[in-house]
Amino acid sequence: MWVFAQSPLDRQSHLRASSEHLNGWRNHPDRNIIAFDKQQRILAAKSDPDSSPEALSFINLSEHIDNAELNENTLIFLGTYQDTPWFGYELDVFPQSLEQQAEWFEVWPNLGLLEEPFASILAYAKALLYWHQTHQFCGQCGGATHVKNGGHERQCGRCERMQYPRTDQAIIVATTFEDKLLLGRQKHWAEGQYSVLAGFVEPGESLEQAVQREVMEEAGIPVTDVQYLGSQPWPFPCSLMIGFTAKAEHMRTQLFDDELEEVLWISPQDYLDRIQAKTLRRPRTQSISGHLIKHWLASHQLQLP
Ligand SMILES: [Zn+2]
């Protein structure tokens, strides 16, 4: 299973609007608080400068900061796991008392250091906090908004309009023609980095239509037989990747815009040979794109080295 899709939390969505329940969770002696800064870095244990860390070890803010220093109103309730509540929190200032033991930790370049189930809780917290960060004001009247429902709503103080957390849906698709897979690369990617095609779903569009539009837009290829494979929350910053396979009607590629600098068709054996020769980078196996590629190789009785 891919990372970020295995949250063990009970979101308690039927109870979190009740202030009685919310207060119980907020005052729980063993509550867990995941802290982020404005750049969406997570507070984690300092790694040993002499060795590379094997896993991220998160710092539970609750154990290290005086309750008086926390703004309880902006504690974002995530859910409960093994009877303890989990919260996300944005810290304005790094707590001095933690200077020796903690540091801000960038999530994106360190995906390989995340372990489940914490990775999925982190992804959930990160996406929700990003939404709070970017919805401080009302889109209708410009008034300031405040946290409601344990952090799952915001309401405008002026016109009372409610806002709800958003997720940006994006499709990602393994397009094949006979045994060949379609890959593309963007200009700014590292040398040898290619991936299956992906793009955001547009308003008024079904997921299947988004798959067909994206492959046409990025590679000039009409596809049919669009099949759902699975989905992955992707907290960079708040997407849901929805994975598909699709069959191309032909192999004549055409680039219409400059989103991709190159698209190519590759056979399974060629793909593995190029990975071996290091002219192609291994796909990120934490992501659903890596799994789509693994799934395609497996359909030809092959696997990544
Ligand atoms: Zn308003």
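Residues numbered from 1 in each chain as written. Predicted model: local features only at pLDDT ≥ 70, side-chain atom pairs only at ≥ 80, totals over all residues. Heavy atoms only, no water.

Just to check I follow, could you spell out the nonpolar core for this structure?
The nonpolar side chains of a soluble globular protein tend to be buried with one another. Counting residues in hydrophobic clusters, the biggest one holds 48 residues, and the most contacted among them are Ile34, Ile42, Leu78, Leu183 and Tyr271. Setting aside anything within four residues of it in sequence, one finds Leu183 in contact with Tyr194, Ser195, Val196, Leu197, Glu262, Val263, Leu264, Ile266, Tyr271 and Ile293. Membership of the second largest hydrophobic core comes to 18 residues, among which are Leu182, Val226, Ala248 and Trp265. (Core = buried A, V, L, I, M, F, W, Y, C linked by side-chain atoms within 4.5 Å. Buried < 20%, exposed > 50% of the residue type's maximum accessible area, 1.4 Å probe, protein only. Contact = heavy atoms within 4.5 Å.)

So what exactly am I meant to see when it comes to the coordination of the zinc ion here?
Tetrahedral coordination by four donors puts the ideal angle at the metal at 109.5 degrees, and octahedral coordination by six puts it at 90 or 180 degrees. Binding of the zinc ion to the protein goes through Cys138 (SG), Cys141 (SG), Cys156 (SG) and Cys159 (SG), at separations of 2.3 to 2.4 Å. For the zinc ion, the four donor atoms are set out with angles of 99 to 115 degrees between them, so the coordination reads as tetrahedral. (Donors = N, O, S within 2.8 Å, 3.2 Å for Na, K, Ca; no water. Tetrahedral: all angles 85-135°; square planar, octahedral: opposite > 155°, others 65-115°.)

In this structure, what is going on with the pairing of strand E10 (residues 180-185)? I would like to understand it.
In the case of a regular strand, side chains alternate between the two sheet surfaces. Within E10, five of the six residues are buried, which leaves it mostly tucked inside the rest of the structure. When strand E9 (residues 168-177) meets E10, the two strands line up antiparallel, connected through two bridges. Across the sheet, Thr176 pairs through a bridge with Leu181, a residue of E10. Counting the residues that bridge the hairpin from E9 to E10 gives two residues, and of these Glu178 lies at a positive phi of roughly 50 degrees. Pairing between E10 and strand E14 (residues 262-266): five bridges, direction antiparallel. Each bridged residue has a counterpart across the sheet, and for Leu182 the counterpart in E14 is Trp265. (Helix = DSSP H or I, 4+ residues; strand = E, 2+ residues; numbered from the N terminus. Pairing = 2+ DSSP bridges.)

Would you mind showing me how to read the domain arrangement of the protein chain here?
Interfaces are frequently sized by the accessible area removed from exposure as the parts join. Looking at the assigned domains, one finds that the protein chain contains domain 1 (19-134) and domain 2 (168-298). Centre-to-centre separation of domain 1 and domain 2, based on C-alpha positions: 33 Å. Between domain 1 and domain 2, the contact holds eight residues from the first and seven residues from the second. Carbon and sulfur atoms supply 75% of the area buried between domain 1 and domain 2, which totals about 800 Å² over both sides. Among the residues domain 1 hides against domain 2, the three largest losses belong to Trp108, Leu111 and Tyr130. Together they make up 58% of the total. Counting across the interface, domain 1 meets domain 2 through one residue pair in polar contact (both at pLDDT 80 or more). Per-class residue counts for the side of domain 1 that touches domain 2 are six nonpolar, one polar and one charged. (Domains from an automatic or database assignment. Buried area = accessible area lost by both parts, 1.4 Å probe. Polar contact = N/O pair within 3.5 Å; in protein donor to acceptor, adjacent residues only side chain to side chain. Nonpolar A, V, L, I, M, F, W, Y, C, P; charged D, E, K, R; others polar.)

Mind showing me how you'd approach the packing of aromatic side chains here?
Pairs of aromatic rings are described using the distance from one ring centre to the other and the angle between the two planes. Across all of its chains, the model carries 14 aromatic pairs by this definition. Measuring from ring centre to ring centre gives 5.6 Å for Phe77 and Phe87, while their planes differ by 65 degrees; the resulting arrangement is edge-to-face. Here Phe87 lies in strand E4 (residues 84-90) and Phe77 lies in strand E3 (residues 76-81), a separation of ten residues in the sequence. When sorted by exposure, Phe77 lands in the same class as Phe87, which is buried. (Phe/Tyr/Trp six-rings, centres within 6.5 Å; stacked < 30°, edge-to-face > 60°.)

Can you help me understand the environment of Ala210 in this one?
When you line up the elements, Ala210 lands in helix H3 (residues 207-219). Taking relative accessible area as the criterion, Ala210 reaches 0% and is therefore assigned buried. Sequence-wise, Ala210 and Asp258 are 48 residues apart; in three dimensions their C-alpha atoms are separated by 19 Å. Not counting residues within four places of it along the chain, the set of residues in contact with Ala210 comprises Ile171, Val201 and Glu205.

Would you mind showing me how to read the sheet that holds strand E8 (residues 162-163) here?
Paired through backbone hydrogen bonds, the strands of a sheet run either parallel or antiparallel to each other. If you walk across this open sheet you meet the three strands as E6-E7-E8, and the pairing is antiparallel. With one partner strand each, in any of the chains shown, strand E6 (145-148) and E8 form the two edges of the open sheet.

Looking at this model, I keep getting lost on the pattern of salt bridges. Mind explaining?
Once the charged atoms of two side chains with opposite charge are near each other, the side chains can pair. For the coordinates displayed, the defined rule picks out eleven salt bridges. For the salt bridge of Glu90 with Lys38, the shortest nitrogen-to-oxygen distance reads 2.5 Å. Placement of the pair is Glu90 in strand E4 and Lys38 in the loop between strand E1 (32-36) and strand E2 (42-45), with a sequence separation of 52 residues. As a salt-bridge pair, Glu217 and Arg213 come within 2.9 Å of each other at their nearest N and O atoms. With Glu217 and Arg213 both in helix H3 and four residues apart, this pair spans about one turn of that helix. Residue Glu217 is classed as partly exposed on the basis of its relative accessible area of 26%. (Salt bridge = Lys/Arg side-chain N within 4 Å of Asp/Glu carboxyl O.)

Is there a simple way to explain helix H5 (residues 288-298) in this structure?
Owing to its 3.6 residues per turn, the α-helix brings residues three or four apart onto one side. Within H5, eight of the eleven residues are buried, which leaves the element mostly enclosed by the surrounding structure. Of all the positions in H5, only Ile288, Ser289, Gly290, His291, Leu292, Ile293, Trp296 and Leu297 are classed as buried. Tucked into the core, H5 has its buried residues touching E9, E10, strand E12 (223-234), strand E13 (239-248), E14 and helix H4 (268-276).

What should I look at first to understand the side chain of Ser289 in this one?
When you line up the elements, Ser289 lands in helix H5. Judged by relative accessible area, which is 12%, Ser289 ranks as buried. Polar contacts involving the side chain of Ser289 include one to the side chain of Ser287, which spans 2.8 Å. With sequence-adjacent residues up to four places away left out, Ser289 is seen in contact with Ile172, Ser195 and Val196.

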